[in-house]
Amino acid sequence: MDQPVRPEALPSFPAWEPVSGLYILATPIGNLGDITLRALAVLQGASLIACEDTRVTGKLLKHYGIKARLQRLDDHAGPETRARVIDEARQAPVVLVSDAGTPLISDPGYRLVREARSAGVMVTSIPGPCAAIAALAMAGLPSDRFLFAGFLPVKDKARAEALEELAGVAATLVFYETAPRLEKSLLAIARLWPEREVAVARELTKLHEECRSGTAAVLAAHYAAHPPKGEIVLLVGPPAPSEAPVLDTDALLRAALAEAGPGKAAGIVARTTGIDRATLYARALELKSA
Ligand code: SAM
């Protein structure tokens, strides 16, 4: 899919009479072939394409031989920029894309869509790739109920709290993750849910695509030994009906002690389980000296 494609070489762009409005259009998450014929027709007929990074979108358009006016519209775009884009969408087709996948899904666009709708501008979606959905489709975890939770916080405490908040959710949890943070997130999940099935879906639709399943501890050990590269979706299976609300505290303390001293380990486990910190600290000291 690296060779540029001539539009006339495609099966055919469906006929599309450009209609004014805002088109929220999904683009590939890796493999440039993953774009719909309707998306190509709309991109070709657009009066303006609002995008996160003109170089990234320019590359996609070049691949398909499409020439278009591009306007940067990222998370830093102010209300005047959005107002100008919305004004244009009243009179002509304006497309919103992100660097990859579906706009608004951990990507910019929410304010633009909200303001366009309240301004009475037609807003529609040209659906296509989304890494969360691609990962869910291939991970082999229950897909009848899932909760997309975006990126986990970077800081340890905030990450642990964000996970704890989701503890009671009876659904597969889907997170976006980065390679440098994967191991820490897996360790945090191992501490909280040592028995749940976890999947790491990496580099989807690309040459080195992989989807690896196991417990979080096993996956953490794997990625400690083989530091991952590229883009990652992290999925955590739902709690088993038998999942004990409070898990083996010794196991939790041992996992925490592998990363922190007795005081911090007791604090982490206290937050996770609600058990008294002083009791846990005493037990952490015993485990450490055993
Ligand atoms: N809007 C995009 C979508 O629809 O998937 C997501 C944008 S978000 C800024 C980028 C994150 O999506 C990455 O950090 C990664 O977690 C995930 N992602 C994007 N492409 C991916 C891919 N090819 N394989 C695995 N994860 C991917």
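Here's a quick rundown of the structure. Counting of residues starts from 1 at the beginning of each chain's written sequence and follows it residue by residue. Side-chain atom pairs in this predicted model are given and counted only at pLDDT of 80 or more, local residue features only at pLDDT of at least 70, and totals for whole chains, interfaces and linings cover all residues. In computing side-chain values, all of the structure's heavy atoms are included and hydrogens and water are not.

Each helix and strand in the chain was counted, giving eleven helices and ten strands. Projected onto its principal axes, the C-alpha positions of the chain cover 75 × 40 × 35 Å. The rule is simple: take the accessible area with a 1.4 Å probe, protein chains only, and divide by the maximum for that residue type; under 20% is buried, over 50% is exposed, in between is partly exposed. A buried classification covers 44% of the 290 residues belonging to the chain. In the structure as shown, the chain presents an accessible area of about 14,700 Å², 54% of it carried by carbon and sulfur atoms. Counted as positive: Lys and Arg. Counted as negative: Asp and Glu. His and the chain ends are not counted at all. Where a charge lies is defined by one atom per residue type: Lys uses NZ, Arg uses CZ, Asp uses CG and Glu uses CD. Across the chain, the 32 positively charged side chains and the 33 negatively charged ones have centroids separated by 4 Å. A helix here means a DSSP run of H or I that spans at least four residues, while a strand means a run of E at least two residues long, and both kinds are numbered starting from the N terminus. Surface accessibility in these figures is a Shrake-Rupley result with a 1.4 Å probe; residues are shielded only by whichever protein chains are displayed.

Another aspect to go through is the nonpolar core. The nonpolar core is taken to be a set of buried Ala, Val, Leu, Ile, Met, Phe, Trp, Tyr and Cys residues, with the residues joined through side-chain atoms within 4.5 Å. Leu163, Phe175, Leu186, Ile189, Val198, Val200 and Leu234 are the most contacted members of the largest nonpolar core, which has 22 residues in total. In terms of residue count, the dominant contributor to this core is helix 7 (residues 182-192) (six residues). Only heavy atoms matter for contacts: two residues are in contact if any of them lie within 4.5 Å across the pair. Each residue touching valine 200, except ones within four places of it in the same chain, is listed here: Leu182, Leu186, Glu210, Cys211, Arg212, Leu219, Tyr223, Ile232, Val233 and Leu234. Counting 18 residues, the second-largest nonpolar core is a separate cluster that includes Leu40, Leu43, Ile49 and Cys51.

Another point: the packing of helix 3 (residues 79-91) against helix 4 (residues 110-118). Inter-axis angles, ranging from 0 to 180 degrees, are taken between N-to-C directions of lines fitted to C-alpha atoms, where helices are fitted over the stretch in contact. Direction vectors running N to C along helix 3 and helix 4 enclose 50°, while the axes themselves pass 10 Å from each other. What the angle tells us is that helix 3 and helix 4 run oblique. Between helix 3 and helix 4 lies a crossing of right-handed hand. When helix 3 is examined against helix 4, the residues Arg82, Val85 and Ile86 are found in contact with a partner set consisting of Arg111, Leu112, Glu115 and Ala116. Convention used here: angles under 35 degrees read as roughly parallel, angles over 145 as roughly antiparallel, angles from 65 to 115 as roughly perpendicular, and any remaining angle as oblique. By definition, any crossing whose near helix is turned counterclockwise from its far helix by less than a right angle is left-handed, and any crossing with a clockwise turn is right-handed.

A word on the site of the ligand. Around the ligand lies a shell of 19 residues, among which Thr102, Asp107, Ala131, Tyr176 and Ile232 are the nearest. Polar contacts, as used here, are pairs of N or O atoms within 3.5 Å; protein pairs need one atom able to donate a hydrogen and one able to accept it. Residues neighboring in sequence count only if both atoms are side-chain atoms. One nitrogen or oxygen atom from the main chain of threonine 102 is found 2.8 Å from an oxygen atom belonging to the ligand. Between the ligand and glutamate 177 there is a distance of 3.3 Å, counted from an oxygen atom to a backbone nitrogen or oxygen. Relative to its unbound accessible area of 570 Å², the ligand is 90% covered by the protein chains. Listing elements by their share of the shell around the ligand, those giving two or more residues are strand 7 (172-178) and strand 10 (231-236). In terms of residue count, the dominant contributor to the shell around the ligand is strand 10 (three residues). One heavy atom within 4 Å of a molecule or strand is enough for the residue carrying it to be called near that molecule or strand.

By themselves, these are just geometric observations and shouldn't be taken as functional.
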